[in-house]
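Structure at a glance
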Amino acid sequence: MNRSRSSRDKKVSQPPVARITRSSRANKRPIPADPLESEQGPYGKIRRKQTDSALPQDLGLMSVGGTSKGKTSKAGSVPVQLCQSISDQIGPSSVPAKSFSRDGLASVARLVRLGRCKNVLVVAGAGISTPSGIPDFRTPGTGLYANLEKYNIPYPEAIFNIDYFSNDPQPFFSLAKALYPGCHRPNYIHYFLRMLHHKGLLLRLYTQNIDGLEKLCGIPDEKLVEAHGSFATASCHLCYTPYPAEEAKVAIMNDNIPTCSFCAAAVKPDVVFFGEDLPQKYFLHTKDFPKADLLIVMGTSLKIEPFASLVNTVRSSVPRLLLNRHAVGPFEKVPLQRGDHMELGDLAESVRRFAELLGWNGEIEELMRTQETSSAPEMLTSNWTNNGPSSGTEDTSGTSRSRTGAQGSCSEDNDSETESRSSASSKASK
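A brief look at the structure comes next.

Rules behind the numbers
Residues numbered from 1 in each chain as written. Predicted model: local features only at pLDDT ≥ 70, side-chain atom pairs only at ≥ 80, totals over all residues. Heavy atoms only, no water. Buried < 20%, exposed > 50% of the residue type's maximum accessible area, 1.4 Å probe, protein only. Helix = DSSP H or I, 4+ residues; strand = E, 2+ residues; numbered from the N terminus. Pairing = 2+ DSSP bridges. Salt bridge = Lys/Arg side-chain N within 4 Å of Asp/Glu carboxyl O.

Details of the pairing of strand β3 (residues 120-124)
Where burial is concerned, most of β3 is hidden: five out of the five residues are buried. Every second residue of β3 is oriented toward a common face, with V120, V122 and A124 on one face and L121 and V123 on the other, all of them buried. In terms of strand pairing, β3 meets strand β4 (residues 202-207) through five bridges, oriented parallel. In the sheet register, V123 faces β4, and the bridge partner there is Y206. Pairing analysis gives five bridges linking β3 to strand β9 (residues 294-298), with the strands arranged parallel. Counted as the bridge partner of V123 is V297 from β9.

Shown next as structure tokens:
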């Protein structure tokens, strides 16, 4: 009896499944996409098994489309670790620009043209929206986190921290007035992603953005995973009771705090804060990433977990393409993993070059003209309402006509974008 009892005592029950919350700390050990594709190596490390695929035959002909930051080529050069440390201290904007070959971009475009990539996954961050006039978060000087002094918060990320919000929701609501969708239009990058869907190649787009521009450009909801939520819905941050999104927007735009009718706590848009659970749709990645035959990473710093680790969950034979201003995440390794490619620099220019290599540029520009023309009456109506003679009343989007600051900048952004599109169209017609 004692033996049987002791043997039963040795069996430890499985721990409960951990909550998946948004975090700014990087996960150092990536999780393989499929347990069948990994095995336990020496010292407890995960070792990937090689999988049979026709893609490596093409990848063997490719050359890397960029070199990682800090790579050394001559004896006596500054060590890679020191270069990385210096770069982290002075910031990426101070690091001298480097030239990168375009072979990697051309090689990936060749795979797509040959029909070898039919299930394309895209992982996108705030960088895809900066050409639309929306600042990203971490760029020194111009990023959102660099311009939050007026909100009197202890550290930049506090404005998106759920515990801080519970104690003082006002800083987030002040910022939310400028972040609410409706002020900006999709740009060429968004329409490139729309063209991926139009061509039947987009398996899924995983985005960190909360600006709603992916939907606005026409990417259907079933192809989109807004991993950090959106402003489309709202709920109580304590009891999660749903709250009408338009009513929440009206209150926030008028400098009021919407409150839950059930528990009287503050209501916020369903944007995922640090410490909050990710939306259920995020877990589609467990099915999507094992299916992918191409991963495109664009406009992200890969600093926020668990989103950042998604790029490590595709099969080892799948090519990964980084379109970004700087090397990030696994693309910082020297040398790059076989099948990894980078095109560093201005993201909009890199995406346009990629589209030209694919032969899609003309189609994308035509799609943009068609989409913008169809939405022009709505924009004119919205602008007239926002700037109309009647002040103090609400327009169709729920924003106050008398509101200044964020709304005023929205009108200026729309005007400047319209002018830039007009000049681009006139150049194209000449």
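A look at the pattern of salt bridges
Within the structure shown, the criterion is met by 12 salt bridges. In this structure, the salt-bridge partner of R320 is D340, at a minimum N-O distance of 2.8 Å. In this pair, R320 sits in strand β10 (residues 320-324) while D340 sits in strand β11 (residues 340-344), placing the two residues 20 residues apart along the sequence. Overall, the relative accessible area of 5% leaves R320 in the buried class. In this structure D340 comes out as buried when scored by relative accessible area, which is 0%. When salt bridges that share partners are traced, they join K215, D221, E226 and K281 into one network.

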